[in-house]
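Spelled out, the chains give:
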Amino acid sequence: MARSGLLGAGLVMTMAPGQAEPVRPGILNCGSGISAEQRRRCDEEAFKQIESGSQSTQLEGGWRLVKSKNPDGGADAISVMHVVDGAKSDARLAGLSLQCGKGGIEIVLVVLEPLSRSARPNVALIAEERRAEFQASVIQGGVALVLPAEASKLAASDWQTANELTVEIGTTPSAIRGAVPMAGLAAALRYLSQYCHAR
């Protein structure tokens, strides 16, 4: 998990829906093209920020359950997340989050380089031999892409038997590509579903 991708995934996970978490000064210099030592420092800062406003529990297969208090007193933000496989991914892709949303479980891709909030990038997801394409909405200040409800149906079925999920986000000048390990997804979804139904 030692990857600057943890930074982006962790920061989005600590946000209540529609809320922006202030970024600590040590995190401002994190992104693509940094040294291994700087990535390590970024990961440490991300963990500190995650732990300061939330509870995080390690789950099977590298998934992480994250519960964050809403500073406005509303419903807590609850999600399960997994960082990308760094050897198979662009430095611009941080990870995958499944979170409790208003209409059920939402699928969110976390990126490290903010996209325009008006962008509606096409996203291709491949699990085993099955390819699905969606148009995403940019949220959380440009660092997260929420997918339509049809993607949640895939997480509850096809993705659970896949070893990894290949991701391609249609951005310019070049696409963002990566892979997210899927081992442990079924157990992570069971944990998440318990919290989402209890809300």
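Asks: Explain the overall build of the protein here, please?
Replies: Helix and strand counts for the protein stand at 4 helices and 11 strands. By the burial criterion, 49% of the 199 residues in the protein qualify as buried. Restricting to contacts in the protein with at least 6 residues of sequence separation, those with at least 24 account for 55%. Of the roughly 9,500 Å² of accessible surface on the protein, a fraction of 49% belongs to carbon and sulfur atoms.

Asks: Hey, could you run me through the pairing of strand β3 (residues 77-83) in this one?
Replies: Along any regular strand, the residues point their side chains to alternate faces of the sheet. In terms of burial, β3 is largely enclosed, as 7 of its 7 residues are buried. Residues Ala-77, Ser-79, Met-81 and Val-83 point to one face of β3 and Ile-78, Val-80 and His-82 to the other, with burial holding for every one of them. The pairing of strand β2 (residues 64-68) with β3 spans 5 bridges and is antiparallel. By the bridge assignment for β3, Val-66 is matched with Ser-79. Summarising the sheet, β3 and strand β4 (residues 93-101) pair through 5 bridges and their orientation is antiparallel. Across the sheet, residue His-82 finds its bridge partner in β4, namely Leu-96.

Asks: Honestly, the pattern of salt bridges in this entry has me stumped. Any pointers?
Replies: Any two side chains of opposite charge can pair if their charged atoms end up close together. Tallying each qualifying case throughout the model produces 5 salt bridges. Its salt-bridge partner being Glu-164, residue Lys-88 comes within 2.9 Å of it at the nearest N-O pair. Remark: Glu-164 occurs in strand β10 (residues 164-169) and Lys-88 occurs in the loop between β3 and β4; sequence separation between them is 76 residues. Accessibility expressed as a relative area gives 25% for Glu-164, which makes it partly exposed. The residue Arg-131 makes a salt bridge to Glu-133 at a minimum N-O spacing of 2.9 Å. Given the relative accessible area of 48%, Arg-131 is considered partly exposed. In this structure Glu-133 comes out as exposed when scored by relative accessible area, which is 55%.

The rules behind these values
Residues numbered from 1 in each chain as written. Predicted model: local features only at pLDDT ≥ 70, side-chain atom pairs only at ≥ 80, totals over all residues. Heavy atoms only, no water. Helix = DSSP H or I, 4+ residues; strand = E, 2+ residues; numbered from the N terminus. Buried < 20%, exposed > 50% of the residue type's maximum accessible area, 1.4 Å probe, protein only. Contact = heavy atoms within 4.5 Å. Areas by Shrake-Rupley, 256 points an atom, 1.4 Å probe, with all protein chains shown as cover. Pairing = 2+ DSSP bridges. Salt bridge = Lys/Arg side-chain N within 4 Å of Asp/Glu carboxyl O.

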